[in-house]
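# What the coordinates show
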Amino acid sequence: MITAKMVPPDLLVRRLADYLKENVKELQVPEWSLITKTTSFKERIPDEPEQWWYIRAASILRKLYVMNHFGVSESRRIYGGLKRRGTRPPISEKAPGHSTRLIFQQLERAGLVTKVKGAKLGRTLTPAGRSLLDKLSYEIFIDLANNNPSLKKYLE
């Protein structure tokens, strides 16, 4: 069985973002997201202002598949980075949690993510979300196998 861990992450995230944009009506891009930076340490807005919301949602779904569960605070660490401070040394800066929290809530309404009860475990994928990622991973692997015949042995 082909899983999301077996295909290149960039291909999976891009295809999943396109799927979310076309098929998941609960995932709505807020108006403010078209003119905002994704983090405080970035110098510019994203190159694709209307697409970054779906790419972030797809990235969150893939990370939930790989890590089993995480919450907003862990996502702030994951999407954080180094903030340049001129002549002073750079420091590690966390990403804002507002956009991630909204994406989590929208994915919950879509039925792809659910909250985990317990000691601040955050959220995890539902069986529908896991099935969606497996289906798209299989499609990506088929495309890769058509270009590279040596990969066809993994489909058996």
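Residue numbering note: each chain is counted from 1, following its sequence as written. Local features in this predicted model are restricted to residues whose pLDDT is 70 or higher, and side-chain atom pairs enter the listing and the counts only when it is 80 or higher, whereas totals over whole chains, interfaces and linings include all residues. In computing side-chain properties, one takes all heavy atoms of the structure into account and sets aside hydrogens as well as water.

With that settled, the discussion passes to the environment of valine 13. Tracing the backbone through its elements, the reader meets valine 13 in helix H1 (residues 9-23). The rule is simple: take the accessible area with a 1.4 Å probe, protein chains only, and divide by the maximum for that residue type; under 20% is buried, over 50% is exposed, in between is partly exposed. Judged by relative accessible area, valine 13 falls into the buried class, the value being 15%. Through-space distance from the C-alpha of valine 13 to that of leucine 136 is 9.8 Å; in sequence the pair is 123 residues apart. Working definition: helices are DSSP H or I runs of at least four residues, strands are E runs of at least two. Numbering for both runs from the N terminus.

This part covers the packing of aromatic side chains. To pair, rings of Phe, Tyr and Trp, with the six-membered ring standing in for Trp, must have centres within 6.5 Å; the planes then decide the type, stacked if under 30 degrees apart, edge-to-face if over 60, and tilted in the middle. For the structure shown, the criterion picks out three aromatic pairs. Grouped by ring-pair contacts, the aromatic residues Trp32, Trp52 and Trp53 constitute a single cluster. Here, over-ring charges are defined by two tests on the NZ atom of lysine or the CZ atom of arginine: distance to the ring centre within 6 Å, and angle to the ring normal within 35 degrees. Here arginine 56 stacks its cationic end above the ring of tyrosine 79, 4.1 Å away from the centre of that ring. The aromatic ring of tyrosine 65 is capped on one face by arginine 130, whose charged end is 4.6 Å from the ring centroid.

In this structure, Leu16, Leu20, Leu27, Ile60, Leu61, Leu107 and Val113 are the most contacted members of the largest nonpolar core, which totals 34 residues. For this core, the leading source of residues is helix H2 (residues 52-67), giving nine residues. Residues within four places of leucine 107 in sequence aside, it is in contact with Leu27, Ala57, Ile60, Leu61, Leu112 and Val113. As used in this record, nonpolar core signifies buried Ala, Val, Leu, Ile, Met, Phe, Trp, Tyr and Cys residues forming a set joined through side-chain atoms within 4.5 Å. Whether two residues are in contact is decided by their heavy atoms: any pair within 4.5 Å suffices.

Helix H5 (residues 127-147) packs onto H1 with a crossing angle of 120 degrees between their chain directions and a minimal axis gap of 10 Å. For the element pair H1 / H5, the angle class is oblique. Crossing hand, H1 versus H5: right-handed. Contact with H1, carried on its side by Leu11, Leu12, Arg15, Leu16 and Tyr19, involves Leu132, Leu133, Lys135, Leu136, Ser137, Glu139, Ile140, Asp143 and Leu144 of H5 and no other residues of that element. To obtain an axis, a line is fitted to C-alpha atoms, over the contacting stretch when the element is a helix, and the angle between two such axes runs from 0 to 180 degrees between their N-to-C directions. Roughly parallel means an angle under 35 degrees; roughly antiparallel means over 145; roughly perpendicular covers 65 to 115; every other angle is labelled oblique. Left-handed is the label given to a crossing in which the near helix is rotated counterclockwise from the far helix by less than a right angle, and right-handed is the label when the rotation is clockwise.

What follows deals with H5. In this model H5 runs 31 Å from its N-terminal to its C-terminal C-alpha over 21 residues, within 8% of the 30 Å that 1.5 Å per residue would give. Contact partners of the buried residues in H5: H1, H2 and strand E4 (123-125). In this analysis, the expected span of each helix is defined as 1.5 Å times one less than the number of residues it contains.

This paragraph deals with the side chain of serine 75. Among the secondary structure elements, serine 75 is positioned in helix H3 (residues 72-78). If near-sequence neighbours (up to four positions away) are discounted, serine 75 is found in contact with Phe70 and Thr100.

This part covers H2. One turn of the α-helix equals 3.6 residues, which is why residues spaced by three or four share an orientation. Here H2 is 16 residues long and its end C-alpha atoms lie 22 Å apart, about the 22 Å a rise of 1.5 Å per residue gives. For H2, the buried fraction is high: twelve of the 16 residues fall into the buried class. Turning to H2, its buried residues are Trp52, Trp53, Tyr54, Arg56, Ala57, Ala58, Ser59, Ile60, Leu61, Arg62, Leu64 and Tyr65. On its buried face, H2 sits against H1, helix H4 (98-110), strand E3 (113-115), E4 and H5. At the exit of H2 stands asparagine 68, carrying a positive phi of roughly 75 degrees.

At asparagine 68, a position not held by glycine, the phi torsion is positive, near 75 degrees. Structurally, asparagine 68 is set in the loop between H2 and H3.

This part is about the layout of surface pockets. Using protein atoms alone on a 1 Å grid, points that fit a 1.4 Å probe yet trap it form a cavity, whereas open point sets bounded by protein on both sides within 12 Å along at least five of seven lines form a pocket; residues with an atom within 4 Å of a point count as lining. Grid points are joined across faces, edges and corners, and a volume is the space filled by probe spheres set on the points. Space inside the largest pocket adds up to approximately 280 Å³. Every residue lining the largest pocket is counted, 16 residues in all, and those nearest its centre are Thr38, Trp52, Ile55, Arg56 and Tyr79. Three classes are used: nonpolar for Ala, Val, Leu, Ile, Met, Phe, Trp, Tyr, Cys and Pro, charged for Asp, Glu, Lys and Arg, and polar for all others, with Gly counted as polar. Taken together, the residues that form the lining of the largest pocket break down as seven nonpolar, four polar and five charged.

On to the pattern of salt bridges. Pairing between side chains of opposite charge can happen when the charged atoms of each approach one another. The working definition used for a salt bridge is a side-chain nitrogen of Lys or Arg within 4 Å of a carboxyl oxygen of Asp or Glu. Counted according to the given criterion, the structure contains five salt bridges. One salt bridge connects glutamate 48 with arginine 14, and the closest N-O pair in it is separated by 3.3 Å. Here the residue glutamate 48 occupies a position in the loop between H1 and H2, and arginine 14 occupies one in helix H1, the gap between them amounting to 34 residues. By relative accessible area, which is 33% here, glutamate 48 ends up partly exposed. Among the ionic pairs, arginine 123 bridges to glutamate 108, the shortest N-O distance being 2.5 Å.

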